[in-house]
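Per-entry structural report
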Amino acid sequence: MLWLWTSLAMAACPEDPDAVVVTATAAVEVAFVHVDDEAFGLAAEQLRQALPCSEQTYDREAALFLHRAYALMSFVDGDRTQTQRSFRALRRLDPSWVPPEALIPPGHPLSAIWQMSQPIPGAEPVRVELAPDGGWLVDGRVRDAVPIDGGFLLQGLDEDGGVLLTGYYMSPSEIPLADIQAFAAVPSRVSPKRKRARLIGSVASGVVLLGGGAMLGLAAQQASTLSEVPIGQVPEVEQRVQTFSTVGGVLLGVGGAGAIVTWAVPW
């Protein structure tokens, strides 16, 4: 299995990725508070490059800081859906946390997104059947399942507790282990029953994923009209954007979970 994890690593890593993750995570918040676009862009890029290279394990507190950083990064990128998913992860890990006014002042557009980023009822975590020998750390805790309604920090460990994989993912479908090319069995050893189950599961998951993408597309289309509609209709349009975004996010999560189950379960 080691060759697989090695092949998934990034080709170029900073000299001390663990230190870069710590400093870049803090720098993202500082730059956001000071509205320093250049510093923010640099810190965000450093964090995205260094995190997959990190070989230290992260605890719950570190996961909270990463969720905050990725929420801000997604917001600056203009992605409301991913911002909400990171905020939901924050609420899941620490329901008592409230954004400080220095970070999100009253009336700031990010404040409305935070208020709307409530956990989705019935969105149960999905089990990741495939795992490295040492198991998974999800947001700093030993888990065998990941959320479908929010982002998560995922780390794979070897049998000695060494870190094989570190990544921040918005959906189970982003986990590298869901890559069917990497985990496809040798054709001659795949039974007809398994082939049939995988075909049906892949098609169903693909349809759901397409539906999720379509809903997010509708959300983006509605959001683009906000500057044009009469002010009295703005709340109605914003509600449609929220509804389409939520449904789209759930569908993407369900579709990704279905793909994982399809290819991870030994049918």
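I will try to describe carefully the structure that is included in this document. (Residues numbered from 1 in each chain as written. Predicted model: local features only at pLDDT ≥ 70, side-chain atom pairs only at ≥ 80, totals over all residues. Heavy atoms only, no water.)

**A few points about the overall build of the protein chain**
Under the convention used in this document: Strands are runs of DSSP state E lasting at least two residues, helices are runs of H or I lasting at least four, and both sets are numbered from the N terminus onward. Under the scheme applied here, a residue whose accessible area is under 20% of the maximum for its type counts as buried, over 50% as exposed, and between as partly exposed, the area being computed with a 1.4 Å probe on protein chains only. Residue contacts are defined here by distance: any two heavy atoms, one from each residue, within 4.5 Å place the two residues in contact. Throughout, the Shrake-Rupley method with a 1.4 Å probe supplies accessible areas, and for residues the shown protein chains are the sole cover considered.
The helix and strand tally for the protein chain stands at 9 helices and 6 strands. Looking at the protein chain as a whole, 41% of its 267 residues qualify as buried. A fraction of 65% describes how many contacts in the protein chain between residues 6 or more apart in sequence connect residues 24 or more apart. Carbon and sulfur atoms make up 60% of the accessible area of the protein chain, which amounts to about 13,600 Å² in all.

**A look at the packing of aromatic side chains**
Applied cut-off: Classification of ring pairs uses Phe, Tyr and Trp, with its six-membered ring standing for Trp, and accepts pairs whose centres are within 6.5 Å; under 30 degrees between planes counts as stacked, over 60 as edge-to-face, and the remaining range as tilted. Note on geometry: a ring has a charge over it if NZ (lysine) or CZ (arginine) is within 6 Å of the ring centre and within 35 degrees of the ring normal.
Per the counting criterion, the structure on display carries 6 aromatic pairs. In textbook terms, an aromatic cluster arises when at least three aromatic residues are bridged by ring pairs, as seen for F32, F40 and F75. The ring of W114 has R91 sitting right over it, with the charged end atom 3.9 Å from the ring centre.

**So, the state of the cysteines**
Let me state the cut-off plainly: What counts as a disulfide here is a pair of cysteine sulfur atoms lying within 2.5 Å.
This structure, assessed with the given rule, holds 1 disulfide. Note that C13 is cross-linked by a disulfide to C53, the S-S spacing being 2.0 Å. A torsion of -80° about the S-S bond marks the disulfide between C13 and C53 as left-handed. Highlighted residues: C13 in the loop between α1 (2-8) and α2 (17-33) and C53 in the loop between α3 (37-50) and α4 (60-76), separated in sequence by 40 residues.

**Observations concerning the environment of S74**
By the secondary structure assignment, S74 is in helix α4. If near-sequence neighbours (up to four positions away) are discounted, S74 is found in contact with D79, Q82, T83 and M170.

**Observations concerning the nonpolar core**
Short version of the rule: Side-chain atoms within 4.5 Å link the members of a nonpolar core, which is a set of buried Ala, Val, Leu, Ile, Met, Phe, Trp, Tyr and Cys residues.
F40, L47, L51, M73 and F87 are the most contacted members of the largest nonpolar core, which has 33 residues in total. Sorting the residues of this core by element identifies α2, α3, α4, α5 (80-93) and α6 (109-116) as the ones contributing at least two each. Counting residues per element, this core draws most heavily on α4, at 8 residues. Beyond its immediate stretch of four places on either side in the chain, M73 contacts V28, F40, A44, L47 and R48. Formed by 13 residues, the second largest nonpolar core is a distinct cluster that contains V128, V146, F152 and L165.

**Things to note about the pairing of strand β6 (residues 163-169)**
Heads up, the condition is: Only strands joined by at least two bridges in the DSSP assignment are considered to pair.
In terms of burial, β6 is largely enclosed, as 6 of its 7 residues are buried. Where strand β5 (residues 152-157) lies against β6, 6 bridges are found, and the strand directions are antiparallel. Following the sheet pairing, L154 is matched in β6 by G167. In this structure, the hairpin formed by β5 and β6 is closed by a connection of 5 residues, where G161 is found at a positive phi of approximately 90°.

**Quick notes on the packing of α2 against α4**
Selection criterion: Axes, fitted as lines to C-alpha atoms, cover a helix only where it is in contact. Angles between the N-to-C directions of the axes lie from 0 to 180 degrees. For classification, angles of less than 35 degrees are called roughly parallel, those exceeding 145 degrees roughly antiparallel, those between 65 and 115 degrees roughly perpendicular, and all remaining angles oblique. Less than a right angle of anticlockwise turn of the near helix away from the far helix marks a crossing as left-handed, whereas a clockwise turn marks it as right-handed. In the scheme used here, Gly and all other residues not listed as nonpolar or charged are polar, with Ala, Val, Leu, Ile, Met, Phe, Trp, Tyr, Cys and Pro taken as nonpolar and Asp, Glu, Lys and Arg as charged.
α4 packs onto α2 with a crossing angle of 50° between their chain directions and a minimal axis gap of 9 Å. The angle between α2 and α4 places the two elements in the oblique class. As for how α2 packs across α4, the hand of that crossing is left-handed. Of the residues in α4, those touching α2 at V21, T25, V28, E29 and F32 are F65, L66, R68, A69, L72, M73, F75 and V76. Looking at the contact of α2 with α4 residue by residue, the class counts come to 10 nonpolar, 1 polar and 2 charged.

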